[in-house]
Amino acid sequence: MTTKSSRTALSVNVNKVALVRNTRHLGIPSVTRAALLCLEAGAQGITIHPRPDERHVRGSDVYELAALLKDWPAAEFNIEGNPTQNLMQFIRDVRPHQATFVPDSEDQFTSDHGWTFPQDAGRLQPLIAECRALGVRVSLFMDPIPGQMAAAKAAGADRVELYTEPYAAAATAEEREQQLQVYAAAAQAALDAGLGVNAGHDLNRDNLPDFVARVPGLQEVSIGHALIADALELGYAETVRAYQRSIDAGMAARK
Ligand SMILES: CC(=O)[C@@H](O)[C@H](O)COP(=O)(O)O
Ligand SMILES: NCC(=O)COP(=O)(O)O
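If you're wondering where the values come from, they're calculated on a predicted model, not measured in any experiment. (Residues numbered from 1 in each chain as written. Chains lettered and ligands numbered in written order. Predicted model: local features only at pLDDT ≥ 70, side-chain atom pairs only at ≥ 80, totals over all residues. Heavy atoms only, no water.)

*Asks:* Honestly, the UniProt feature "binding site: 1-deoxy-D-xylulose 5-phosphate" (unreviewed entry) in the protein chain in this entry has me stumped. Any pointers?
*Replies:* UniProt records the feature "binding site: 1-deoxy-D-xylulose 5-phosphate" (unreviewed entry) at Arg51, His56 and Thr110, using the numbering of this structure. Taken together, the annotated residues stretch across 60 residues yet fold into one region, lying no more than 11.7 Å apart by C-alpha. The residue Arg51 is located in the loop between β2 (45–48) and α3 (59–69) in this model. What Arg51 contacts, discounting residues up to four positions off in sequence, is His56, Val57, Asn86, Asp104, Gln108, Thr110 and Ser111. Structurally, His56 is set in the loop between β2 and α3. Residue class for His56 comes out buried when judged on its relative accessible area of 4%. (UniProt positions renumbered as here; feature names shortened; annotations may be inferred. Helix = DSSP H or I, 4+ residues; strand = E, 2+ residues; numbered from the N terminus. Contact = heavy atoms within 4.5 Å. Buried < 20%, exposed > 50% of the residue type's maximum accessible area, 1.4 Å probe, protein only.)

Right under this line is the structure:
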């Protein structure tokens, strides 16, 4: 359980390093080297989303990153995916710290919605139970709807990951404030249900401070697209430090 002073962990999603790597048969940019440099710079975890079509992260990346992270016991490995597709074999094989269940179709452009209860409960419960029996924490990718959180807990989840694209897409200060209130209410409902709170999708170093400051109990943010884009300009190490500064600014502003 996080306290007011608990620090929000940064988990770097390296999907987009793999996307660039896959455009040639040269093995560069290296996904494992990107993860190593981010960990050395202070990232608290690595996230991947090995999609069935292997458009970016490939099965081989999963095992290579698992091997790397064995040398980083303080860092967490978070594997995302749809447990009714290819995710569960990776979870059984490498037993990451966390499995994040995402309801994506195989050909989905990107993740754009969370699970829906009670409709999804029946097929998720046994898969959640299997992960937990393997010692793997389960986080469910969810829209910020307070009324959905108790059902996510009842399905056996440990945490929810709040889908943050609607927050990131806010075009005005008023819209951002409205969104912050939505996410704060959803996070509080998750906490009240006994769930941990993660968040991700389209977060960046500019929208991160307000989110960290206002969303209660935020344990982890997983960030990829914007962070890797920044790393193309700043390098991995300086980028991770910049995102840690954004998190620190949000922590300092917590009431
Ligand atoms: C679940 C989520 O929002 C992201 O973690 C996801 O990994 C994005 O997938 P792409 O990198 O394929 O857009
Ligand atoms: N779960 C969110 C994630 O891992 C990365 O999302 P994005 O920062 O690439 O949008």
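*Asks:* Which parts of the structure should I look at to understand the packing of aromatic side chains?
*Replies:* The geometry of an aromatic ring pair comes down to the distance between the two centres and the angle between the two planes. Counting across every chain of the model gives 5 aromatic pairs. Judged by centre distance (5.4 Å) and plane angle (55 degrees), the rings of Phe141 and Tyr163 are tilted. Pair noted here: Phe141 is in strand β5 (residues 137–142) and Tyr163 is in strand β6 (residues 159–163), with a separation of 22 residues, a long-range link. Tyr163 matches Phe141 in its accessibility class, with the two residues each being buried. Arranged with centres 6.3 Å apart and planes meeting at 70 degrees, the rings of Tyr167 and Tyr183 form a pair that is edge-to-face. (Phe/Tyr/Trp six-rings, centres within 6.5 Å; stacked < 30°, edge-to-face > 60°.)

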